[in-house]
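Report on the structure
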2 protein chains.
Amino acid sequence: MTNKFDVLGIGNAIVDILINVEDDFLSDHEIPRGSMQLVDDETSSMLYSKLGAAIECSGGSAANTIAGLASLGSNVAYIGKIKDDQMGRVFDHDINSLGISFNTEKDMSGVPTARCLVMVSPDAERTMCTYLGACVNLMEKDIDPEVVASAAITYMEGYLWDPEHAKAAFRKAMTLAHNAGRKTSLSLSDSFCVGRYKKEFLHLAEHEIDILFANEEELLMLYDTRDITEAVKAVQQHCEVAAITRGAKGCTIVSADEIIDINGYHISNLVDTTGAGDLFAAGFLHGYSQSLDLRTCGRIGNLAASEVITHMGARPDVDLKQYLATNL
Amino acid sequence: MTNKFDVLGIGNAIVDILINVEDDFLSDHEIPRGSMQLVDDETSSMLYSKLGAAIECSGGSAANTIAGLASLGSNVAYIGKIKDDQMGRVFDHDINSLGISFNTEKDMSGVPTARCLVMVSPDAERTMCTYLGACVNLMEKDIDPEVVASAAITYMEGYLWDPEHAKAAFRKAMTLAHNAGRKTSLSLSDSFCVGRYKKEFLHLAEHEIDILFANEEELLMLYDTRDITEAVKAVQQHCEVAAITRGAKGCTIVSADEIIDINGYHISNLVDTTGAGDLFAAGFLHGYSQSLDLRTCGRIGNLAASEVITHMGARPDVDLKQYLATNL
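Given the structure is predicted, the values throughout are model-derived calculations rather than measurements.

Check the secondary structure of chain A and you find 13 helices and 14 strands. Against the globule reference of 20 Å for 328 residues, chain A gives a C-alpha radius of gyration of 18 Å, in line with a compact fold. Along the first, second and third principal axes, the C-alpha atoms of chain A reach 50 × 40 × 40 Å. A burial count over chain A gives 56% of its 328 residues as buried. Counted over contacts in chain A with a minimum sequence separation of 6, partners at least 24 positions apart contribute 76%.

Structural data, given as structure tokens:
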């Protein structure tokens, strides 16, 4: 069977509001530094009103990964829920401008398109407060069986377990993908998110997910251990491949018969770590869907991640295809 | 009389949509490179749909100047018309977050908040297509006499002559300022804009404006000459002070008894020239409202302009007060 798409991404469709912040602001508001926290419309507005001037751009974890894949030259599709409002049209434009297939029905009324306050600390760490807005309306019916069946890999973010109905959509997509002989992939998203859904994520890792993305904290949280060697051994028995990101140190790729450590790229101008994990996944999946060896997949992941952290925002500022050709 | 505000700015309140573009796109659509062109909603949407992924941030020429003044530590106010929609709330938040007094009544219905497609060429030149939206509803009644009377300088953009009713607001503000013994200031905005309103702008320069801002092209257009020396002599007889920006070469400050050339700051990382003129005006007015000598005013203008062109967007990325202390 031919693949119409290399990767289909499913996630919370979000517009980011990027704001520089001092760490005091986070501690004063009891927001854990480096985390993603869910907030309601009121809290989001309250925090926003206290924060400085911002820039707005499209975000959403899986959407960032799909944008990265498009920039690398992969054929990609995306499923996520926006409202037909000004921010929704920003999201829609940016996805479409990259040649990404995006046909999820838009909400015409109800709550607004989701927004995320991305607060960037002086050391480039980002802390996020997300108001899910229209994302709560992503349903099973939004999963187009034809699109899932025609994508070599269906990639989903752990954050999808936050809106009430999206996990049904997630499960439907996973079943459709496997029934069509395709691969499934999950990003654990955030250690707090893993904490919220540990039992379910563990079940997914053990039985349903072929390619798992996690950072060290998330993996430790998943396997309820402080010993990374133990966590790596556990995931090795569960998933076909696990790609574990380790910040500036790079990544570790785990398969049934290999554990490969790959150094990160050195960068001199760290600005904003938003999107590092998302773009790592983009680079890795770009290589993986072309059947490149795992070390090369990991190196492409590291390289894509190293670009996105040199500027504000979670999507590449350059043509990643060219960037890869020059820098890999 | 004490000043509540150092500077009041009046202008078109706009959210910028910043997009990298190849020059071919501009020529294919017959858009003059480096210009500001007015477009309707339909044309704006058509161009946007053909352009790549963007970032959104607050703009508007006079608003950028006022934002720069706030960042420099001046006490400032702003008058401009937005709609109470998502983009309007972005503009409102960013202005308020800088401590700028902004109380213009918002439109609750009708056309959306103005937006400007800012297309940035590979050499950092910016070309703008503006849909004026709610700006057409700025009226005389929006000019608060108390605010004008309590501002040492009322600064207005030439672009205000584009929306139908705003010039009445402009004239009202000018009269109120002079009646209160205050100074008036005008930026000529854009050579095409000067072309549209040459006769009226000439009358303003001759009789109404104390402090004039222009680049060389705009000044030549105003005085209908290709000889800059001639244009400088003309403006010297009309305005108390004229500040003429000359791109990378810096600026020339013209008063009744002086013509001062001031070199620009050398920068190594030119990214986007959007806001250069606006931030020059901010720096100059910051010095002028503190009665600093004209050379220092020009140097502060050059410095503020040199910061804004090292990154995308028309507002400073750093605290300009600190930046000034370190770099002037």
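Residues and elements named next belong to chain A. The mixed open sheet is built from nine strands, whose spatial order is S6-S5-S1-S9-S10-S11-S12-S13-S14. Both edges of this open sheet fall to strand S6 (101-102) and strand S14 (258-262), since each of them pairs with a single strand only. In terms of strand pairing, strand S5 (residues 76-79) meets S6 through two bridges, oriented parallel. Residue pairing in the sheet places alanine 77 in a bridge with serine 101 of S6.

Each partner contributes residues to the interface: chain B has 19 residues there, and chain A has 19 residues. Listing elements by their share of the side of chain B that touches chain A, those giving two or more residues are strand S4 (55-58) and helix H4 (86-97) of chain B. No other element matches the six residues that H4 of chain B contributes to the side of chain B that touches chain A. A breakdown of the residues in the side of chain B that touches chain A according to their chemical character gives nine nonpolar, six polar and four charged.

The subject of this paragraph is the environment of isoleucine 259 of chain A. Residue and element names in this part refer to chain A. On the secondary structure map, isoleucine 259 appears in strand S14. Distance in space between the C-alpha atoms of isoleucine 259 and leucine 294 is 9.8 Å, their sequence separation being 35 residues. Those residues in contact with isoleucine 259, other than ones at most four positions away along the chain, are Val232, Thr252 and Val254.

Now for helix H10 (residues 228-238) of chain B. Residues and elements named next belong to chain B. Residues Ala231, Ala234 and Val235 constitute the buried set of H10. For H10, the angular spread of the buried residues around the axis is 95°, confining them to a single face. Across from the buried face of H10, at angles greater than 90 degrees, the exposed residues are Thr229 and Gln237. Tucked into the core, H10 has its buried residues touching helix H8 (198-207), strand S11 (211-215), helix H9 (216-222), strand S12 (241-245) and strand S13 (251-255).

To continue, consider the pairing of strand S7 (residues 114-120) of chain B. Residues and elements named next belong to chain B. Counted residue by residue, S7 has six buried out of seven residues, so it is predominantly covered. Across seven bridges, the pairing between strand S2 (residues 14-20) and S7 is parallel. Following the sheet pairing, isoleucine 17 is matched in S7 by leucine 117. Here S7 folds back onto strand S8 (residues 126-131) in antiparallel fashion, the turn holding five residues, of which alanine 124 has a positive phi close to 85°.

Cut-offs and rules
Residues numbered from 1 in each chain as written. Chains lettered and ligands numbered in written order. Predicted model: local features only at pLDDT ≥ 70, side-chain atom pairs only at ≥ 80, totals over all residues. Helix = DSSP H or I, 4+ residues; strand = E, 2+ residues; numbered from the N terminus. Rg over C-alpha atoms; globule rule 2.2 N^0.38 Å. Buried ≥ 20, exposed ≤ 12 C-beta atoms within 10 Å, placed from the backbone. Contact = placed C-beta atoms within 7 Å. Pairing = 2+ DSSP bridges. Nonpolar A, V, L, I, M, F, W, Y, C, P; charged D, E, K, R; others polar. Arc of directions from axis to C-beta.

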